[in-house]
Amino acid sequence: MPELPEVEVVRRGLVNWLRGRTITGVDVMDPRSVRRHSLGPEDFAGNLEGARVLDVVRRGKFLWMPLQGDGTPRPSADNGDPGLPGVALMAHLGMSGQLLMQDSSVPDEKHLKIRLRLSPEGTMPEQLRFVDQRIFGGLFVTTLVPTDDGGPGGLAEDPVPVIAEEASHIARDPLDPHFSFDTFYRRLRKRKTGLKRALLDQGLVSGIGNIYADEALWRAKLHYARPTDTLRRADAERVLAAARDVMTDALAAGGTSFDSLYVNVNGSSGYFERSLNAYGREGEECRRCAAAGIRSIMKREQFMNRSSYTCPVCQPRPRNGRW
């Protein structure tokens, strides 16, 4: 499943192509891809046709496009502010969902599920296509609600204090300029759990998935089972800084690409997997230890029905770990 950098790569690509354009037509090829839109494919299309895309927003791994219909903003039902959008097109990529910008002359992809036709804009592609081989993802129209802290809903070109209802329960992510470390650390210390479990808790900090948690912990020289209730502030700052750095590096490379089905809006895969220091390196030497002249072999351990990769030397197991 795409992690935060992959979704941010998609967001940055889409905003360049979509912002300010009007959806002129909608083709739903597979109703399963709009199953989260409870009123069905016809209502889905009716909500989108004639709407203008105002922005592309991301919080954690959630991605949505605020819409303006009939030439005027539609206010949120909860705040009544006519200056704020009230609805958005939500994209759930699932395991294999792709949002691709294509010209109308390009043949349909084998697993094309939804096509949005767009108003002309210079030489820009005329269609946004949702392609999904495994059909775990989908698109749906959702309500925008006020943020609980009054800040922007997520990372956007023109941030506004509303958020897609489905994303309103998750915390801000480390790349969000409004992320509060003090709030994160205060809530972290109240949890009696292991550090990696906390990093994967979207209610505490969003967007850190299994791959980037392992990479951040390796960079911070911390074991995944370190107890959160006794974690020093300096250690928490170090692992958050490491998470931010590793995701920023992944963004520069276009994200990781362990699944051939992950591509960005132009159909290109990411390359950050070549720079991973922990994830997937079981049986290989720890690069940091090797650089220091120490031989240490990376280990893989079962963790929450997944895997965790650590160096036994520079990420020692805690005495009172929480597994």
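Reading guide: rules and limits
Residues numbered from 1 in each chain as written. Predicted model: local features only at pLDDT ≥ 70, side-chain atom pairs only at ≥ 80, totals over all residues. Heavy atoms only, no water. Phe/Tyr/Trp six-rings, centres within 6.5 Å; stacked < 30°, edge-to-face > 60°. Helix = DSSP H or I, 4+ residues; strand = E, 2+ residues; numbered from the N terminus. Buried < 20%, exposed > 50% of the residue type's maximum accessible area, 1.4 Å probe, protein only. Core = buried A, V, L, I, M, F, W, Y, C linked by side-chain atoms within 4.5 Å. Contact = heavy atoms within 4.5 Å. Pairing = 2+ DSSP bridges. Axes fitted to C-alpha atoms, helices over the stretch in contact; angles between N-to-C directions. Disulfide = S-S within 2.5 Å. Arc of directions from axis to C-beta. 1 Å grid on protein atoms, 1.4 Å probe; cavity = no way out; pocket = protein on both sides within 12 Å on 5 of 7 lines; lining within 4 Å. Points joined across faces, edges and corners; volume = space filled by probe spheres on them. Nonpolar A, V, L, I, M, F, W, Y, C, P; charged D, E, K, R; others polar. Expected span 1.5 Å × (residues − 1).

**Student:** Outline the packing of aromatic side chains, supporting the account with residue identities and numerical values.
**Tutor:** Per the counting criterion, the structure on display carries six aromatic pairs. With 6.0 Å between their ring centres and 45° between their planes, phenylalanine 181 and phenylalanine 184 make a pair best called tilted. Remark: phenylalanine 184 and phenylalanine 181 occur in helix 3 (residues 181-190); sequence separation between them is three residues, near one turn of the helix. For the pair tyrosine 224 and phenylalanine 303, a centre-to-centre distance of 5.3 Å together with 70° between the ring planes defines the contact as edge-to-face. Of the two residues, tyrosine 224 sits in the loop between helix 5 (210-220) and helix 6 (233-253) while phenylalanine 303 sits in strand 11 (residues 299-303), which places them 79 residues apart along the sequence. Residue classification places tyrosine 224 among the buried positions, given a relative accessible area of 4%. Here phenylalanine 303 falls in the buried class, since its relative accessible area comes to 4%.

**Student:** Explain the nonpolar core to me, and be specific about the residues and the numbers.
**Tutor:** Nonpolar side chains tend toward joint burial in soluble globular proteins. Of all hydrophobic cores here, the largest spans 36 residues; its most connected members are Phe184, Leu188, Val239 and Met247. For this core, the secondary-structure elements that each account for two or more residues are helix 1 (4-18), helix 3, helix 4 (195-199), helix 5 and helix 6. The leading source of residues in this core is helix 6, at nine residues. What valine 239 contacts, discounting residues up to four positions off in sequence, is Leu195, Leu199, Ala216, Leu217, Ala220 and Leu222. Among the nonpolar cores identified, the runner-up in size contains 30 residues, and Val7, Leu14, Ala91 and Leu128 belong to it.

**Student:** Explain unusual backbone geometry to me, using residue names and the numbers behind them.
**Tutor:** Of note, the phi angle at lysine 221 is positive, near 60°, even though the residue is not glycine. Mapped onto the elements, lysine 221 comes out in the loop between helix 5 and helix 6. The class for lysine 221 is partly exposed, based on a relative accessible area of 47%. Within the chain, asparagine 305 stands out as a residue other than glycine whose phi angle is a positive 65°. As for its position among the elements, asparagine 305 is in the loop between strand 11 and strand 12 (306-310). Residue class for asparagine 305 comes out exposed when judged on its relative accessible area of 82%.

**Student:** Mind laying out the sheet that holds strand 7 (residues 112-118), listing which residues take part and the relevant values?
**Tutor:** Strand order in the open sheet formed by four strands is 1-7-8-6, and the pairing between neighbours is antiparallel. Either end of the sheet is taken by a strand with one partner, and the two such strands are strand 1 (23-28) and strand 6 (98-102). On average, each strand axis in the sheet is tilted by 20° relative to the strand beside it, whichever way the strands run. For strand 1 and strand 7, the ladder comprises five bridges, and the chain directions are antiparallel. The residue bridging valine 28 from the neighbouring strand is isoleucine 114, located in strand 7. Strand contacts of helix 1: strand 6, strand 7 and strand 8 (127-131), with the helix running at about 30° to strand 6, the strand carrying the most contacts. Packing of helix 2 (residues 41-48) onto the sheet brings it into contact with strand 1 and strand 7, and relative to strand 1 it is tilted by some 165°.

**Student:** Pulling in residues and values, what's your account of the state of the cysteines?
**Tutor:** By the definition in use, this model includes zero disulfides. The cysteine cysteine 286 is free of any disulfide, with cysteine 311 supplying the nearest cysteine sulfur at 3.7 Å. The cysteine cysteine 314 is free of any disulfide, with cysteine 311 supplying the nearest cysteine sulfur at 3.4 Å. The class of cysteine 314 is buried, set by a relative accessible area of 14%.

**Student:** Tell me about helix 2, residues and numbers included.
**Tutor:** Every buried residue of helix 2 is listed here: Phe44, Ala45 and Leu48. What you see down the axis of helix 2 is that its buried residues fit within an arc of 95°, all on one side. In this fold, the buried residues of helix 2 make contact with strand 1, strand 4 (62-68), strand 5 (87-92), strand 7 and strand 9 (138-146). The positive-phi residue at the C-terminal boundary of helix 2 is glycine 50, with phi of around 90°.

**Student:** Just give me the short version of the layout of surface pockets, but keep the residues and values in it.
**Tutor:** Take a probe with the size of a water molecule and roll it over the atoms, and the empty space left behind shows itself. Counted as a void, the second largest pocket has a volume near 340 Å³. As for the second largest pocket, its lining consists of 19 residues, and the residues nearest its centre are Asp148, Asp149, Ala171, Arg172 and Arg187. A per-class count over the lining of the second largest pocket returns seven nonpolar, seven polar and five charged.

**Student:** Can you explain helix 1? Please cite residues and give values.
**Tutor:** It helps to recall that an α-helix has 3.6 residues per turn; residues three or four apart then point in one direction. For helix 1, spanning 15 residues, the distance from its first C-alpha to its last is 20 Å, which sits close to the expected 21 Å at 1.5 Å a residue. In terms of residue burial, helix 1 counts as a mostly covered element, since twelve of its 15 residues are buried. What helix 1 keeps buried is the set Leu4, Pro5, Glu6, Val7, Glu8, Val9, Val10, Arg11, Gly13, Leu14, Val15 and Leu18. Positioned one or two residues after helix 1, glycine 20 has a phi angle of 90°, which is positive.

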